[in-house]
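# Structural overview
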Amino acid sequence: MYLEKFRLNGKTAVVTGAGQGIGLACAEALAEAGAKVVIADRDPKAAAAGCAGLTAKGLNVEVVTMDVTDSTRVSEVADQLASTHGRIDILVNNAGIARSETPAEQVTDEHWLNVVDVNLNGTFWCCRAFGKHMLATKSGSIVNIGSMSGFIVNKPQEQCYYNASKAAVHHLTKSLAAEWGARGVRVNAVAPTYVATPLNAFVKNNPQMYNAWIGGTPMARISSMGAIPAGRLARILNGIWNEAGLHRCRRRDIERARRRVRRKGNAVGDRPAFDHGLA
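This report concerns the structure included in the present document.

With that settled, the discussion passes to the overall build of the chain. Each helix and strand counted, the chain has eight helices and six strands in total. Each helix (α) and strand (β) of the chain, taken in turn from the N terminus, gives the series β-α-β-α-β-α-β-α-β-α-β-α-α-α. In the chain, the proportion of contacts linking residues at least 24 apart, taken out of those at least 6 apart, comes to 73%.

Overall, parallel pairing links the six strands, which are arranged S3-S2-S1-S4-S5-S6 in an open sheet. For this open sheet the edge positions go to strand S3 (61–65) and strand S6 (185–190), each flanked by a neighbour on one side alone. In this sheet, neighbouring strand axes are inclined to one another by 15 degrees on average, regardless of whether the strands run parallel or antiparallel. Bridge count between strand S2 (residues 36–41) and S3: five bridges; the pairing is parallel. Each bridged residue has a counterpart across the sheet, and for Asp41 the counterpart in S3 is Thr65. Running over the sheet, helix H2 (residues 44–55) touches S2 and S3 and is turned about 175 degrees from S3.

Attention now moves to the packing of helix H4 (residues 109–137) against helix H5 (residues 160–180). The geometry of H4 relative to H5 is characterised by a closest axis approach of 8 Å and an angle of 15 degrees between their N-to-C directions. The orientation of H4 with respect to H5, classified from their angle, is roughly parallel. Taken as a pair, H4 and H5 cross one another with a handedness that is right-handed. Seen from H4, the contacting residues are His111, Trp112, Val115, Val116, Asn119, Leu120, Thr123, Phe124, Cys127, Arg128, Gly131 and Leu135; seen from H5, they are Cys160, Tyr161, Tyr162, Ala164, Ser165, Lys166, Ala168, Val169, Leu172, Leu176 and Trp180. Partitioning the contact of H4 with H5 into residue classes produces 16 nonpolar, five polar and two charged.

Val14, Phe130 and Ile142 are the most contacted members of the largest nonpolar core, which has 28 residues in total. Ranked by residues supplied to this core, first place goes to H4 with seven residues. If near-sequence neighbours (up to four positions away) are discounted, Val14 is found in contact with Val38, Ala40, Leu81, Ile88, Ile90, Leu91, Val92 and Phe130. Listed in part, the 24 residues of the second largest apolar core include Cys26, Ala35, Ala47 and Cys51.

One way to put it is that helix H3 (residues 71–85) packs onto H4 with a least axis distance of 9 Å and a crossing angle of 25 degrees. Accordingly, the angle class assigned to the pair H3 and H4 is roughly parallel. For the pair H3 and H4, the sense of crossing is right-handed. For the pair H3 and H4, the contacting residues are Ser71, Val74, Ser75, Val77, Ala78, Asp79, Leu81 and Ala82 in the first and Trp125, Cys126, Arg128, Ala129, Phe130 and His133 in the second. Within the contact of H3 with H4, the residues separate by chemical class into nine nonpolar, three polar and two charged.

Conventions used here
- Residues numbered from 1 in each chain as written.
- Predicted model: local features only at pLDDT ≥ 70, side-chain atom pairs only at ≥ 80, totals over all residues.
- Heavy atoms only, no water.
- Helix = DSSP H or I, 4+ residues; strand = E, 2+ residues; numbered from the N terminus.
- Contact = heavy atoms within 4.5 Å.
- Pairing = 2+ DSSP bridges.
- Axes fitted to C-alpha atoms, helices over the stretch in contact; angles between N-to-C directions.
- Parallel < 35°, antiparallel > 145°, perpendicular 65-115°, else oblique.
- Left-handed = near helix turned anticlockwise from the far one by under 90°.
- Nonpolar A, V, L, I, M, F, W, Y, C, P; charged D, E, K, R; others polar.
- Core = buried A, V, L, I, M, F, W, Y, C linked by side-chain atoms within 4.5 Å.
- Buried < 20%, exposed > 50% of the residue type's maximum accessible area, 1.4 Å probe, protein only.

Below, the structure written as structure tokens:
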């Protein structure tokens with residue numbers, strides 16, 4: 001009975017930057033749960049390879065080429081997919097870059113703007129474009145992939161631009177959750193720690209950095225990509241959490257949301273759709 005509450009049969013999900021890494025793991029998890037998944041990636045070769053691997057497993061996956069920094073293209077894709085599939089139920093904003101190990105005083109304008117453009121602007125362009133369709137149907141779930149770097153300062157690598165961009169993603173998430181929660185659209189974020197992905201594969205050749213990472217991790221290990229969608233992502237998509245938090249929403253909006261959840265029914269009984277942030 002409980003496992004059925006995690007099924008996503010009949011749902012359409014879009015995952016950005018899903019050609020590899022955490023995005024591909026999220027795409028696989030959503031498809032395994034029954035969703036029709038669209039891999040949206042700027043690299044057509046990576047997207048095609050990721051899609052081929054998932055379709056070989058019998059999963060329902062397709063590909064669209066999209067650069068999240070191109071707001072016009074993002075809007076085009078959102079409109080196209082909403083028209084093709086009837087609606088968009090789930091959006092996972094995973095696309096991101098780091099470009100770590102540059103001291104703040106040496107960061108060029110291009111470097112700063114590039115990281116912020118992908119990580120923050122790209123996340124907002126996607127939330128805005130796909131969120132419009134979700135708001136029109138009064139239903140949907142958006143999950144932004146943030147980072148622990150939005151809350152702490154990683155050592156020893158210098159990456160003030162990355163940390164700032166991810167901190168902004170988490171506060172953007174809270175803002176949108178507070179705006180859209182009472183209108184039927186949930187907006188959440190997860191904050192991964194060190195995960196074994198192509199993005200940070202370089203650490204294998206840097207023992208000093210690797211030891212610093214492990215030394216600051218209680219379980220003394222780097223997480224696997226599957227750990228992200230296997231836990232919190234699944235619960236978020238089924239409405240258990242909302243990033244806004246009880247203390248961040250007006251009482252009137254909270255009570256309105258509670259009444260709506262009680263009318264529709266909730267996977268966790270009478271527990272309100274709004275709960276404390278998870279990141």
